[in-house]
Amino acid sequence: MARRPVAWVGAIALWAEAVGIVLLNWFLGLVVDKQDMSMGGLDPHAMSVGAWVAGGLFGLYLALCGLVLARTAATDRAPGRLGKILLISAAVTHGLLGAFSIGLVGWLAFVLMMAVLGLIVLPLIAYDRRDAVGVDGAPQAA
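Procedures and definitions
- Residues numbered from 1 in each chain as written.
- Predicted model: local features only at pLDDT ≥ 70, side-chain atom pairs only at ≥ 80, totals over all residues.
- Heavy atoms only, no water.
- Axes fitted to C-alpha atoms, helices over the stretch in contact; angles between N-to-C directions.
- Helix = DSSP H or I, 4+ residues; strand = E, 2+ residues; numbered from the N terminus.
- Parallel < 35°, antiparallel > 145°, perpendicular 65-115°, else oblique.
- Nonpolar A, V, L, I, M, F, W, Y, C, P; charged D, E, K, R; others polar.
- Contact = heavy atoms within 4.5 Å.
- Buried < 20%, exposed > 50% of the residue type's maximum accessible area, 1.4 Å probe, protein only.
- Phe/Tyr/Trp six-rings, centres within 6.5 Å; stacked < 30°, edge-to-face > 60°.
- Lys NZ or Arg CZ within 6 Å of the ring centre and 35° of its normal.

**Q** I would appreciate a short explanation of the packing of helix 1 (residues 3-35) against helix 2 (residues 44-75) in the present structure.
**A** Each pair of packed helices gets described by two things: the angle between the helix axes and the distance between those axes. Here helix 1 crosses helix 2 at 175°, and the two axes come no closer than 8 Å. Here helix 1 lies roughly antiparallel to helix 2, going by the angle between them. In terms of residue class, the contact of helix 1 with helix 2 is made up of 24 nonpolar, nine polar and three charged.

Pasting the structure below:
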């Protein structure tokens, strides 16, 4: 079965996405700071710092999700409870971002979000199925 390669590809995709999110928010923060943009009277510097902090936090979140998938692939074992919760939250996030991206960015962004969603969900399902069955093929007792 291809669960290990899928987990590795998912980890790489999440790391690439983390770098992209950080760079995008860094660029947006620079644009807001250089043009002295303001929304609703907010300080432009505060808005740029907010973009940088949000990008950094979301990038760390995605990198951590990628680390969980990489650990899953390296050990060939299902992630623990916290890892599953983290990956499920990342899957939900990608589903919502995919739904929003159709109208805002286009169908290509939707397809990419759904591909990453599949790379997150497939290892969760594949490793749970394998762990529920014993070595001889008989179901294990809980």
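Once the structure has been displayed, the description carries forward.
**Q** Quick question: what am I supposed to make of the environment of Leu119 here?
**A** Along the polypeptide, Leu119 turns up in helix 4 (residues 107-132). For the pair Leu119 and Leu14, spaced 105 residues apart in sequence, the C-alpha to C-alpha distance is 9.3 Å. The contact partners of Leu119, leaving out residues within four places of it in the chain, are Val6, Val9, Gly10, Ala13 and Leu69.

**Q** Before we go on, may I ask you to explain the side chain of Ser48 in this structure?
**A** Relative to the elements of secondary structure, Ser48 occurs in helix 2. Judged by its relative accessible area of 0%, Ser48 falls in the buried class. The residues contacting Ser48, other than those within four sequence positions of it, are Gly29, Val32 and Asp33.

**Q** Teacher, can you tell me more about the packing of aromatic side chains here?
**A** Any two aromatic rings considered together are summarised by their centre-to-centre distance and by the angle between their planes. According to the stated counting rule, one finds two aromatic pairs in the structure shown. Look at Phe58 and Tyr61: their rings are 5.9 Å apart centre to centre, the planes differ by 25°, and that puts the pair in the stacked class. Of the two residues, Phe58 and Tyr61 are both situated in helix 2; the distance of three residues between them amounts to about one turn of the helix. Residue Phe58 is classed as partly exposed on the basis of its relative accessible area of 24%. Ring geometry for Trp107 versus Phe110: centroids 5.5 Å apart, planes at 85°, classification edge-to-face. Pair noted here: Trp107 and Phe110 are both in helix 4, with a separation of three residues, about one helical turn. You can call Phe110 partly exposed: its relative accessible area is 22%. The ring of Tyr127 is capped by Arg3, whose NZ or CZ atom sits 5.4 Å from the centre of that ring.

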